[in-house]
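Coordinates in review
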Amino acid sequence: MGSEGTGRRVLSGMRPTGRLHLGHYHGVVKNWVALQQEHQCCFFVADWHALTTGYDDTGELERHSFDMVVDWLAAGVNPSAAVIFIQSKVPEHAELHLLLSMITPVSWLERAPSYKDMQARLNDRDLATYGFLGYPVLQAADILIYRAGGVPVGADQVAHVELCREIARRFNHLFGRESDFEARCEAALRKIGRKASRLYGGLRKAFLEQGDGEALARGRALLAEQRNLSAGDRERLLGYLEGSGRTILPEPEALLTEQPKVPGLDGEKMSKSYGNTISLREAPDAVARKVRGMKTDPARVRRSDPGEPGNCPVYSLHRIYSDPATLDWAAAGCRSAGIGCVDCKAPLIDAINAEQAVMIERARPFEEQPDLVRGVLQEGSEKARSLARETLDDVRANMRIAHQ
Ligand code: TRP
Ligand code: SF4
C-alpha cells in the first residue's frame, strides 16, 4: 500500500457512469493511478450519489458500477495499492451522513453552487428532494469517514470539499477541538476580562483535576452570561472547560490537478451525452475510424490549404499523446500544408491504440472472470469498512452516543 509521502490519505469517488472514455482517463483516473504510488488511496463508486439525481432510473446502476470498476482496473488502478469499493457496500457512510446532517445548517446546502445550478440544468426531474439537498453532506461523510487529507476532484467539486471542511470544523467545534485550540481559548478568555477569566480558570481546574461537577455547571453558567463572545469562542471555551477534544474529523484539502481538456470527435468537450467519445479499451479499428472522421481546422478545405493547429481538435489530442518531435512535425506540416490531415492523424491513431492495448490486456482477466472484480470489490469494501469503523467509533464516543 502506498503509504509514504505526506502520509495523508487520499480519497475520491466517481458516479457510476458505466464505460469510461479518454476524457475520464486523462482528466481523472490517470491521476488516481499516480496518487496510489505515493499515498494510501481509497477510490469508490458513488452509487448513492447517482440516486440523488437519478432515483427514478436505477435499472443500470449495478452494470454501470461494474463496468466502471473494470475500466479503473484496466487503467491501472491497482487493488493491492488502493482500496477500491462501492459506496453502498459501506453503510458507515450513511451513519456518518445522518450524524453530520444533524449539525449542518440547511442554509449552507441551499447556498451550494451545485444546488440551484443542477436543479435548473436537470429541469426534467424533480430535484426538490431531501436527498438531493443533502448530497454535499453525504459527500462530506464519504471524505471524513476516512479522515482523508487530500481529495482529488475537478473544479466543479471544489465547493463541495469546501463545504466538507466547514462541516468538519463545526463538528470539531461541537465535539472536539482544532489544533490551535489552546491559543484561541486564551484569546477568547482575554475578551471576557480578568475577573471572569480567573474564575473560569479555577472552575476548569476544579473540574478537570477533581471531577467537580458543580464547578463544571458554574463554568457553563459563567460562559452563558458573557456578552463579548462569538458563538465559535463560546463553543471553544465550553470544550476547553470540559477538557474534551482534539480534532476528531480533520479538514481535507481539494487536490485540484491540471486536467487537460480532452476534445471529443467534434471538437467539443469529450462527453457521453454529446456522443463524441473514444472509449477506454475501444477496438483499434474503431479508434482509427473515429479519429479519421474527426473534425479538423475548417480552413483546410483542400489538401493544399494551410491550417492552424490551434484551431484543430486533432492537434489538441496530439498534445496529450505525442512527443515534441511529432508535435513539431504536425504543426509545421499543417501550417505549410506540407502534410494532409490524414497523414497528421496516423501517428495519433497509433499512439492512442498503443495506450489502449495495455488497458485491453489488463482488463482481459477481469472480463473473462467477473468474479475477480467482485473479489476486488468485496475485499475493498471490507478494508474500507474497517477504516470507516474506526472513525465512526470515535465520532460516536465524542458525541456521547457510544452507549457502552
Ligand atoms: N460528487 C462527486 C461527483 O459527482 C462524486 C463524489 C461523491 C466524490 N463522493 C465523493 C468525490 C467524495 C470526491 C470525494 O463527481
Ligand atoms: Fe489538424 Fe493536423 Fe489537419 Fe492541421 S494537419 S488541421 S493539425 S489534423
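Our structure's up above, just so we're on the same page.
Residues numbered from 1 in each chain as written. Chains lettered and ligands numbered in written order. Predicted model: local features only at pLDDT ≥ 70, side-chain atom pairs only at ≥ 80, totals over all residues. Heavy atoms only, no water.

Quick notes on the site of ligand 1
As a structural note, the neighbourhood of ligand 1 is formed by 14 residues, with R15, H49, Q139, D142 and Q157 the closest of them. In this structure, an oxygen atom belonging to ligand 1 sits 3.0 Å away from a side-chain N or O atom of R15. A distance of 3.4 Å separates a nitrogen atom of ligand 1 from a polar atom in the side chain of H49. Against a free-state accessible area of 370 Å², the protein chains account for coverage of 90% of ligand 1. Every element with two or more residues in the shell around ligand 1 is listed here: strand 1 (10-14), helix 8 (135-144) and strand 4 (150-153). Residue contributions to the shell around ligand 1 peak at four residues, all from helix 8. Looking at side-chain class alone, the shell around ligand 1 contains seven nonpolar, five polar and two charged residues. (Near = heavy atom within 4 Å. Polar contact = N/O pair within 3.5 Å; in protein donor to acceptor, adjacent residues only side chain to side chain. Areas by Shrake-Rupley, 256 points an atom, 1.4 Å probe, with all protein chains shown as cover. Helix = DSSP H or I, 4+ residues; strand = E, 2+ residues; numbered from the N terminus. Nonpolar A, V, L, I, M, F, W, Y, C, P; charged D, E, K, R; others polar.)

Re the packing of aromatic side chains
Tallied over the entire structure, the rule returns seven aromatic pairs. Taken together, a centroid distance of 5.0 Å and an interplanar angle of 75 degrees make the contact between W32 and W72 edge-to-face. Linking W32 in helix 1 (residues 22-38) with W72 in helix 3 (residues 61-75), this pair joins segments that are 40 residues apart in sequence. In this structure W32 comes out as buried when scored by relative accessible area, which is 1%. By relative accessible area, W72 is classed as buried at 0%. Where F44 meets F85, the ring centres are 5.4 Å apart and the plane angle is 15 degrees; that geometry is what we call stacked. (Phe/Tyr/Trp six-rings, centres within 6.5 Å; stacked < 30°, edge-to-face > 60°. Buried < 20%, exposed > 50% of the residue type's maximum accessible area, 1.4 Å probe, protein only.)

Here's the deal with the packing of helix 14 (residues 284-292) against helix 17 (residues 341-368)
Between helix 14 and helix 17, the shortest axis-to-axis distance is 10 Å and the interhelical angle comes to 145 degrees. The element helix 14 and its partner helix 17 pack so that their crossing is right-handed. Judged by residue contacts, P284, V287, A288, V291 and R292 of helix 14 engage K345, L348, I349, I352, N353 and Q356 from helix 17. Partitioning the contact of helix 14 with helix 17 into residue classes produces seven nonpolar, two polar and two charged. (Axes fitted to C-alpha atoms, helices over the stretch in contact; angles between N-to-C directions. Left-handed = near helix turned anticlockwise from the far one by under 90°. Contact = heavy atoms within 4.5 Å.)

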